[in-house]
Structures are given as structure tokens and as C-alpha cells.
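Fold and geometry: a report
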Amino acid sequence: MRTILRSFAFVIAFTLTIGVLHAADWSRFRGPNGAGVANDTNLPVEFGPDKNVVWKTEIPRGHSSPVFGDDAIFLTAWEGKSVFTFSLDRETGRIQWRREIVREREGELHESNGPTSPSATTDGQNVYVFFQDVGLLSYGPDGNERWRIPLGPFNNPMGMGASPILAEGKIILICDSESDSFMIAVDKDSGKMLWRNERDFVTRGFSTPVLYDPKDGSGIEAIVPGSYELIAYKVASGEKSWWVRGLTWQLKPTPVMDEDTIYLLNWAGRADLGQQEDVIPFEEALKLYDKDGDGQFSQEEAPDPAMRKTWNNYDLDLSGFMGARDWHHYRNKRASVNAMNAIRLGGKGDMTEGAFRWRHYKTLPNVPSPLLYDGIVYLVKDGGIVTALDKKTGEVLKQARLMEALDRYFSAPVAADGKIYMLSEAGKVSVLKSGPDWEVIQTNDMGAAAYATPAIVDNKIYLRTDWGLYCLAKLD
């Protein structure tokens, strides 16, 4: 009964702000619709590996975040050639079951990524996980495998990062790579493929979709950030509904929303404001650089010496040549600009004109998603730089460093009870008092590296480090 009442109260509260129903309180990456915000209270301010710990459970390494079913916490991990799915008891942290898959291949990874970065999602009983070296699969509450869809290998030099989400009985998954990108919807019970959209126009991406329920009653949409544009797809059919152009070329953070605006952070190398270049069209470039007249560029024909040195960044499909698609992306990449964007929600077709309510171009994070909390957008950048922006205007309200956590950041900030929690790679957790003049009220050291975004459930914080999972609460 406690679980039912808690879930019902949560659903009502968040339906008012995002217009989309959720089955559980933290059932996907970063909780309800990826917002990273909870209604919980009485959260701990001071904690550590042995302070205000309800329980702690040692788990192998992994960058995925915990998600919560009715009675279980689901988490993925890896060790050597094996990837794991864990079910932990919510009350005690006891491991209820562990399922292992030995990988038959090992895809490329950035040094800060891992083979189990995507977080799981759950319908309360069953869990759905995605491994880049295996595919998409589901386990039942007893740990028995229900279905599996082999996927990959993927042409993504950084490794995959987008997490699956659940919408209208479907598992939605984005797989964006340098080539052969796609998006699928799978029946959550049978594993049957319901639709698949090829996304040939995008390159590598890592952003998890969010859901939007248009006021016109036309059906829930999955909003997907990708190379150069934000696209809304109808969950029922996969139909491309509306889109906004003007983003940068690789999207990592997950966007956040209020009732009429989506707040989207995009940053990529060599795309800060002022670094843009005007690259000539492919047809003109052929006339200048295609010495053998074969309608494409070899590495030796590349016009820029820097391009020849990092050839695989331009020969996206690894064919040995730069063709029209490769040049198109090179041209768009050099024209794109990094920004924190506030974009008007909804519409039909190309909504670019008039869509940007404001854009902020300075001191932008690379990986951590933005946090929207009580009318303020918070950003945390490597070096512990925190920026608070007014959600209506984009005005900088305050910018300062977390002086006790001058570190790299991969985990996204989360908030509840007037507090914001920011977790650094070194395992330092800065607890901020929220507001336009935010301030650090405590810095806690978990003593191990951390990449996963924390969860806030049951008036507790669930925090993962390279050692394992901690359940933290205000005990004294």
C-alpha cells in the first residue's frame, strides 16, 4: 500500500508539469522524464562511505544509474568481458539476482566511457537494458530473460550512451553513430519490433529522449536531440512530427522541460561561438580537390592537413573516402555553434523560425545534463564551475566554482527539498542550497570515482561509485 500511495502522489504532481504519465517514481535515467527532480524531503546534507548510510552494496564498475521498480533497484555493471544486470532489494540493498552475459565483441570506447553506460528502465516489475556489445533485452522480476534483440556493432568511436525509455507500452531506444544511426520502438512484453526509423542524417550522439504530450491531443512524442537538430517523433508510429534546426554536431546531455519550453545543452569540440567556418559545398570542393575525378576525396586529396591527420573524424563510414554525406557533415559541423538553448515546444514540421526563446554561449559543460529547478537552470562544468540561469530570459544569476570539488563532471545534478546534489568524477558531492544566489552548504567525499547520476527516492539518495551503490538518508 505504501508503494501504491507514493507512486500515485508522484504521478499526479509531475503530470501537472510535464503532461506525461509515468508508472514509477524513478524508473528511467534521471527519474521522471529525465528531469532529475523529486518531491522527497528531509534529505541528508552530510554523508560519506560510513556516515548516514542506510546500506551499501558492492557492485562491479559501471556508469549506469540505478532505476527503481516496485520492489527492486536495477543496475548494470561490467567486469572483463562480462556485462551484468543486478536486481537489489529496495529496503536492504541485498542482491536478489545477478545475470551475466559474456561479450563476444568489444566495441570502441572513450577513456571515460564504459560498456554499460546506458541506464536501465523498468515498468515496475520487468527491467529493460541495453548493452552496446549485446543489444536490447528484458528480464522478468525473477531474473529470467524474457526477450533479446541483438544490435550492433556500432560505428561510434566514443561508445554508446543513450538509455532506453518506456512510453505507451513501448521501449524507445536511440542508437546514433557516425553512420547507420537509427531509432526503434519495441513492444515491452513481447520484444516485437513495432517500428524503426533510420537516422542517416545524424552522427554520434548520447542523449536520452524525453517525452512530450502536445495540448492538441495528437499523441505523446519522444523528443530526440541529435546532430544539428531537435526532432519530435510520435511514439505510436515513429512519424517525424516537428523539428528545430541549429544545434551542434554531437549531443550528450539529456534535455529538461517545463510546460512550454525545452532546455537543451549542446557542446562539441571546435564549435564555441566564434570558431565557425564557412565551408564550400561538396560540388565546389570536388572541382578544387578531387584530383582523380572519382567524385570523392581520398585521404591524400583532403584539402586540410589537419583533416589528413585525423582522417576517421571525416571519413565517417570508414570507407576510405570522403563522399557527399561525409562532406555534408563536415560542412555542418564547422558551421554549428555550442549553446544552452531554451526552445519553444510543439508544432508541425520545421519550427526553427522563432523557436529559440534564448541562447547562452559561455562556460558550457560537456557531458552533465542541465537541471531545471524552481525556475532556474543550473549547469555544472569541469573545474567545478556552476552557472545559474533565469529560465525565462537566460540571464546569468550567479556563476562560481565549487572550491572543494574542482574536478571533472560526468554525473548530472539532481534536486529535491531545496537542495541540489552535484557529484564529481573524484566522488566529491557538493550539496547546494538552491536559488538565484545558490550556495554550497556541504561537500562530501565518497572516496571513489563516480560517473553515474544519483537517484532520489523514498527520502533517500542512492549514489553509485566505482565501489558500489550507497543508500543514504538523514539518520541522526
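Notes on the structure follow. (Residues numbered from 1 in each chain as written. Predicted model: local features only at pLDDT ≥ 70, side-chain atom pairs only at ≥ 80, totals over all residues. Heavy atoms only, no water.)

Here's the deal with the overall build of the chain
- Across its full length, the chain holds four helices and 33 strands.
- Computed over C-alpha atoms, the radius of gyration of the chain comes to 22 Å, within 12% of the 23 Å expected from 2.2 N^0.38 for 476 residues, which places it in the range of a compact globule.
- For the C-alpha atoms alone, the extent of the chain along its principal axes is close to 75 × 50 × 45 Å.
- Counting only residues that meet the buried cut, the chain has 60% of its 476 residues in that class.
- Within the chain, contacts between residues at least 6 apart in sequence are counted, and of these 56% link residues at least 24 apart.
- A distance of 2 Å separates the average location of the 53 positive side-chain charges in the chain from that of its 65 negative side-chain charges. (Helix = DSSP H or I, 4+ residues; strand = E, 2+ residues; numbered from the N terminus. Rg over C-alpha atoms; globule rule 2.2 N^0.38 Å. Buried < 20%, exposed > 50% of the residue type's maximum accessible area, 1.4 Å probe, protein only. Contact = heavy atoms within 4.5 Å. Lys, Arg positive; Asp, Glu negative; His and termini not counted. Charge placed at Lys NZ, Arg CZ, Asp CG, Glu CD.)

A look at the packing of aromatic side chains
- Throughout the structure, instances matching the rule amount to 17 aromatic pairs.
- For the ring pair Phe297 and Trp327, a centre distance of 5.2 Å and an interplane angle of 55° mean the geometry is tilted. A residue pair is termed long-range when its members are at least 10 positions apart, and Phe297 in the loop between α2 (282-289) and α3 (305-309) and Trp327 in helix α4 (residues 324-335) qualify at 30 residues.
- An aromatic cluster is built from Phe282, Tyr289, Phe297, Tyr314, Trp327 and Tyr330, whose rings are joined through pairwise contacts. (Phe/Tyr/Trp six-rings, centres within 6.5 Å; stacked < 30°, edge-to-face > 60°.)

Looking at the nonpolar core
- Counting residues in each nonpolar core, the largest one holds 32 residues, and the members touching the most others are Trp26, Phe47, Tyr421, Ile456 and Tyr462.
- With four residues, the single largest contributor to this core is strand β33 (residues 468-472).
- Ignoring sequence-local partners within four residues, the contact set of Ile456 consists of Trp26, Ala38, Asp40, Leu43, Val414, Ala415, Ala416 and Tyr421.
- Formed by 16 residues, the second largest nonpolar core is a distinct cluster that contains Tyr378, Leu402, Leu432 and Trp438. (Core = buried A, V, L, I, M, F, W, Y, C linked by side-chain atoms within 4.5 Å.)

Focus on the side chain of Ser207
- Within the secondary structure, Ser207 sits in the loop between β13 (193-198) and β14 (210-212).
- The class of Ser207 is buried, set by a relative accessible area of 3%.
- Engagement of the side chain of Ser207 in a polar contact is seen with the backbone oxygen of Pro253, the distance being 2.7 Å.
- The contacts of Ser207, once residues within four sequence positions are left out, are Ala162, Pro225, Leu251, Lys252, Pro253, Thr254 and Pro255. (Polar contact = N/O pair within 3.5 Å; in protein donor to acceptor, adjacent residues only side chain to side chain.)

Observations regarding the pattern of salt bridges
- Here the structure, examined in full by the defined rule, presents 23 salt bridges.
- Among the ionic pairs, Arg103 bridges to Glu106, the shortest N-O distance being 3.9 Å.
- When its relative accessible area of 7% is taken as the criterion, Arg103 is described as buried.
- When the shortest N-O distance is used, the salt bridge between Arg148 and Glu145 registers 2.8 Å.
- Residue classification places Arg148 among the partly exposed positions, given a relative accessible area of 37%.
- For Glu145, a relative accessible area of 37% gives the class partly exposed.
- Each of Lys81, Arg103, Glu106 and Asp133 takes part in salt bridges that share partners, so that together they form one network. (Salt bridge = Lys/Arg side-chain N within 4 Å of Asp/Glu carboxyl O.)

Examining the environment of Ile59
- Turning to its location among the elements, Ile59 is positioned in the loop between β1 (53-58) and β2 (67-68).
- The buried category is assigned to Ile59, whose relative accessible area is 2%.
- When the C-alpha atoms of Ile59 and Arg464 are compared, they prove to be 9.0 Å apart, with 405 residues separating the residues in sequence.
- When near neighbours in sequence (up to four residues on either side) are disregarded, Ile59 contacts Leu75, Ala77, Phe86, Leu88, Ile95, Arg464, Asp466, Trp467, Gly468 and Leu469.

With respect to the sheet that holds strand β32 (residues 460-464)
- Strand order in this open sheet of four strands is β1-β33-β32-β31, and the pairing throughout is antiparallel. The outermost strands of the open sheet, each flanked by one partner alone, are β1 and β31 (455-457). Ignoring which end each strand starts from, the neighbouring axes of this sheet average 15° apart.
- Sheet topology places β31 next to β32; three bridges connect them, and they run antiparallel. Across the sheet, Val457 pairs through a bridge with Lys460, a residue of β32. (Pairing = 2+ DSSP bridges. Axes fitted to C-alpha atoms, helices over the stretch in contact; angles between N-to-C directions.)

Concerning the pairing of strand β26 (residues 396-401)
- Of the pairings in the sheet, the one linking strand β25 (residues 385-390) to β26 comprises five bridges and is antiparallel in character. When the sheet's bridge partners are listed, Leu389 is paired in β26 with Val396.
- Hairpin connection from β25 to β26: five residues lie between these consecutive antiparallel strands, with Gly394 at a positive phi of about 80°.

Notes on the sheet that holds strand β4 (residues 82-89)
- Reading across the sheet, the four strands line up as β2-β3-β4-β5 and stay open at both edges, with antiparallel pairing between neighbours. Each end of this open sheet is capped by a strand with a single partner; those strands are β2 and β5 (95-102).
- When strand β3 (residues 72-79) meets β4, the two strands line up antiparallel, connected through eight bridges. Residue Ala77 lies in a different strand from β4, and its bridge partner there is Phe84.

Some details on the pairing of strand β19 (residues 261-266)
- The buried fraction of β19 amounts to six of the six residues, a majority that puts the element mostly inside the structure.
- In β19, alternate side chains face the same way, and those of Thr261, Tyr263 and Leu265 on one face and Ile262, Leu264 and Asn266 on the other are all buried.
- Summarising the sheet, strand β18 (residues 256-257) and β19 pair through two bridges and their orientation is antiparallel. Looking across to β19, one finds that Val256 is bridged to Tyr263.
- The antiparallel pairing of β18 with β19 creates a hairpin that spans three residues between the two strands.
- Pairing of β19 with strand β20 (residues 339-344), which is carried by six bridges, proceeds in the antiparallel orientation. Counterpart to Tyr263 in the pairing with β20 is Ala342.

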